[in-house]
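Each chain, letter by letter, is given below.
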Amino acid sequence: MRRLAIRSFSPPFFSKRCAIAASVALGLAACSASQSEQGGANGEPLPTKASDFASALSCKTPASARVRIEGGTFIMGSNAVYAEEGLERETRVDGFWIDPHEVTNGQFAEFAEATGYQTVAEKPVDPAQFGVPVEQIPPFMLEPGSAVFTPPEHPSRSYGDWWKYVPGANWRKPYGPQGPSARPDQPVVHLAWDDMRTYAEWKGGRIPTEAEWEYAASAGAQKYTEQPDPRLANSWQGVFPVVNESSDGFKGIAPVGCFEANGYGLYDMVGNVWEVTADFFRPGHDPADRVNPRGPSENAAYDPLNPGFTSRVMKGGSYLCAPNYCQRYRPESRQGRDAGLGASNVGFRLAYDSAE
Ligand SMILES: [Ca+2]
Ligand SMILES: [Ca+2]
């Protein structure tokens, strides 16, 4: 009931097929722009430019053995940067195990080959998702695809200038059908919540809670607000979205494990790709929820940047986070992630309740 009531206030194209990674759903204007580029007179395929953004460098993939995180207390959240990260409060987390790196394309390929699983981005789109007559839906929006970061040539603060819905983009072809194929050593992207959850079940793990993830990411270190040293995290150096100095060695996604591990031996908790957690999103933390918090109930969830749809919390920022935009290269950072659609800068890692 609640979802229907809120959705009725949403523009028709604020749909699951029009949601993006960085924070918000793409607006109608953004979708229209993508449509015209897809069907442009010169026939230039949209993903070609995005493929230029792919990193060519590689690193040695770290071991995949689960890492034990002993239970303890820490100060969860931050009062220093974005309001949605507050309030800081002492939080207790029981022990668990976690992957040392983001789930890779190679790992996801094992799952897909073993099960024949098709991700949401690979399947036909149900027109009913849009809530409007089918003839009002741009045809390209009904093709399987996902949201791809496409750097603009001019300065902009409009999400629609750098996020495009690209038919044919999925975890196998992260930049679209004309771009390079997924590299086994890079984190898997373009997954919806159901894709991640199904993989987790197959692997015998689960998606970590936000508290578990933040506890593991902070690893007992002091909180900070500055952009991490280029050796520590894959973020964006330069003025986003037009100047990508890539002084950390990577213009786009890096293979997992290229940057220094944190104090618990975990790689890329901050940066590279955002990591989806199990908690539903709403701005701010419940100050009373201090022992193994699991976030709000689904009914209490609310993502002001994705109204009408249930978002999960994603953590740690991505290679797109820059000092002038999205200062979320920190363990405390959090944004809502539409459960129904992936994006080219969002991945995940698994937690476990046993060592094997
Ligand atoms: Ca970078
Ligand atoms: Ca990450």
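These figures come from a predicted structure and were not determined experimentally. (Residues numbered from 1 in each chain as written. Chains lettered and ligands numbered in written order. Predicted model: local features only at pLDDT ≥ 70, side-chain atom pairs only at ≥ 80, totals over all residues.)

Enquirer: Go over the sheet that holds strand β11 (residues 351–352), please, and point to the residues and values.
Expert: With respect to topology, 3 strands assemble into an open sheet ordered β1-β4-β11, the strand pairing being antiparallel. The open sheet has two edge strands with one neighbour each: β1 (67–69) and β11. The pairing of β1 with strand β4 (residues 96–98) spans 3 bridges and is classified as antiparallel. Note on β4: the bridge partner recorded for R68 is W97. (Pairing = 2+ DSSP bridges. Helix = DSSP H or I, 4+ residues; strand = E, 2+ residues; numbered from the N terminus.)

Enquirer: Run through the sheet that holds strand β7 (residues 274–280), naming residues and quoting values.
Expert: Ordered in space as β9-β8-β7-β10, the 4 strands form an open sheet in which the pairing is mixed. Each of the sheet's edge strands pairs with one partner strand only, and the pair in question is β9 (334–338) and β10 (346–347). Pairing of β7 with strand β8 (residues 311–315), which is carried by 3 bridges, proceeds in the antiparallel orientation. Within β8, the position partnered with F280 by the bridge is R312. Across the face of the sheet, helix α6 (residues 210–218) comes into contact with β7, β8 and β9 while running at roughly 5° to β8. (Contact = placed C-beta atoms within 7 Å. Axes fitted to C-alpha atoms, helices over the stretch in contact; angles between N-to-C directions.)

Enquirer: Before we move on, could you go through the nonpolar core and cite the residues and values that matter?
Expert: Within the largest apolar cluster, 72 residues are counted, with the highest numbers of intra-cluster contacts made by V189, M196, I207, A216, V276 and V346. Put simply, the parts of the chain that give this core at least two residues each are β4, α4 (105–115), β5 (145–149), β6 (163–167), α5 (193–203), α6, β7 and β8. No other element matches the 5 residues that α6 contributes to this core. Contact partners of V189, with chain neighbours within four places excluded, come to W171, P174, V273, G342, A343, S344, N345, V346 and G347. (Core = buried A, V, L, I, M, F, W, Y, C linked by C-beta atoms within 7 Å. Buried ≥ 20, exposed ≤ 12 C-beta atoms within 10 Å, placed from the backbone.)

Enquirer: Can you lay out the pairing of β9 for me, pointing to particular residues and giving the numbers?
Expert: Of all 5 residues making up β9, 5 are buried, and the element is well covered by its neighbours. Relative to β9, β8 is paired through 5 bridges, and the arrangement is antiparallel. Its bridge partner lying in β9, R312 is registered against R337.

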